[in-house]
Amino acid sequence: MGYDIYETTYKVPPGTTVVPKVTASSDNRSVKVTVTQPESASGKAIVKFDYKGVVKTYNVILNSEG
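Quick caveat: nothing in here was measured; it's all calculated off a predicted structure.

K.L.:
So, the overall build of the chain: which residues are in play, and what are the values?
P.N.:
Helix and strand content of the chain: zero helices and four strands. Listing every helix and strand of the chain by position from the N terminus yields β-β-β-β. Each of the three principal axes of the chain carries a C-alpha extent, and together these read 40 × 25 × 15 Å. Expressed as a percentage of the 66 residues in the chain, the buried residues total 20%. When contacts within the chain are restricted to residue pairs at least 6 apart in sequence, long-range pairs at least 24 apart make up 32% of them. In the structure as shown, the chain presents an accessible area of about 5100 Å², 51% of it carried by carbon and sulfur atoms. Looking at the chain, you have 8 positive and 6 negative side-chain charges, and the mean spots of the two groups are 7 Å apart.

The structure is reproduced here in C-alpha cells:
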C-alpha cells in the first residue's frame, strides 16, 4: 500500500449474523486512536493511530466467505 497504510484480513467465523466490532488501543497516551466500524460482515474497518500528527492507517478487511 504505502509507508503509512497497512492492510490485513480477518476471517469472520461461519454463521456469524452480526457485524463484528473492531477495537484498537495503544499503551501510549499520546497516541490518538480512531476506529471506523465496518458496515457489514464482509466490509472494511479503518483504524487510525495519530502520534504527534503522524497518522498510520490500518485497513481491516472482513472476509465472511467460507
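K.L.:
Hey, could you go over the packing of aromatic side chains for me, with residue numbers and the actual values?
P.N.:
In the structure shown here, the tally under the stated rule is two aromatic pairs. Here the aromatic rings of Tyr6 and Tyr58 are separated by 4.8 Å at their centres, their planes lie at 20°, and the arrangement is stacked. Here Tyr6 is found in strand S1 (residues 5-11), whereas its partner Tyr58 is found in strand S4 (residues 54-63), with 52 residues between them in sequence. For Tyr6, a relative accessible area of 30% translates into the label partly exposed. When its relative accessible area of 33% is taken as the criterion, Tyr58 is described as partly exposed. An aromatic cluster is present here, built from Tyr6, Phe49 and Tyr58 joined pairwise through their rings.

K.L.:
Please give an account of the sheet that holds strand S2 (residues 31-36) that cites residues and values.
P.N.:
The strand order across the open sheet formed by four strands is S1-S4-S3-S2, and the pairing between neighbours is mixed. Looking along the sheet, the strands with just one partner apiece sit at the ends: S1 and S2. Ignoring which end each strand starts from, the neighbouring axes of this sheet average 20° apart. In this sheet, S4 lies alongside S1 in parallel orientation, the contact comprising seven bridges. What sits directly across from Tyr6, in S4, is Tyr58.

K.L.:
Run through the pairing of strand S3 (residues 44-51), naming residues and quoting values.
P.N.:
Examined bridge by bridge, S2 and S3 share six bridges and lie antiparallel to one another. Residue pairing for S3: Val33 is matched across the bridge by Phe49. Sheet analysis places S3 next to S4, joined by eight bridges and oriented antiparallel. From the neighbouring strand, Ala45 faces S4, where its bridge partner is Val60. Between the end of S3 and the start of S4, which pair antiparallel, lie two residues, with Lys52 showing a positive phi angle near 55°.

Criteria and thresholds
Residues numbered from 1 in each chain as written. Predicted model: local features only at pLDDT ≥ 70, side-chain atom pairs only at ≥ 80, totals over all residues. Heavy atoms only, no water. Helix = DSSP H or I, 4+ residues; strand = E, 2+ residues; numbered from the N terminus. Buried < 20%, exposed > 50% of the residue type's maximum accessible area, 1.4 Å probe, protein only. Contact = heavy atoms within 4.5 Å. Areas by Shrake-Rupley, 256 points an atom, 1.4 Å probe, with all protein chains shown as cover. Lys, Arg positive; Asp, Glu negative; His and termini not counted. Charge placed at Lys NZ, Arg CZ, Asp CG, Glu CD. Phe/Tyr/Trp six-rings, centres within 6.5 Å; stacked < 30°, edge-to-face > 60°. Pairing = 2+ DSSP bridges. Axes fitted to C-alpha atoms, helices over the stretch in contact; angles between N-to-C directions.

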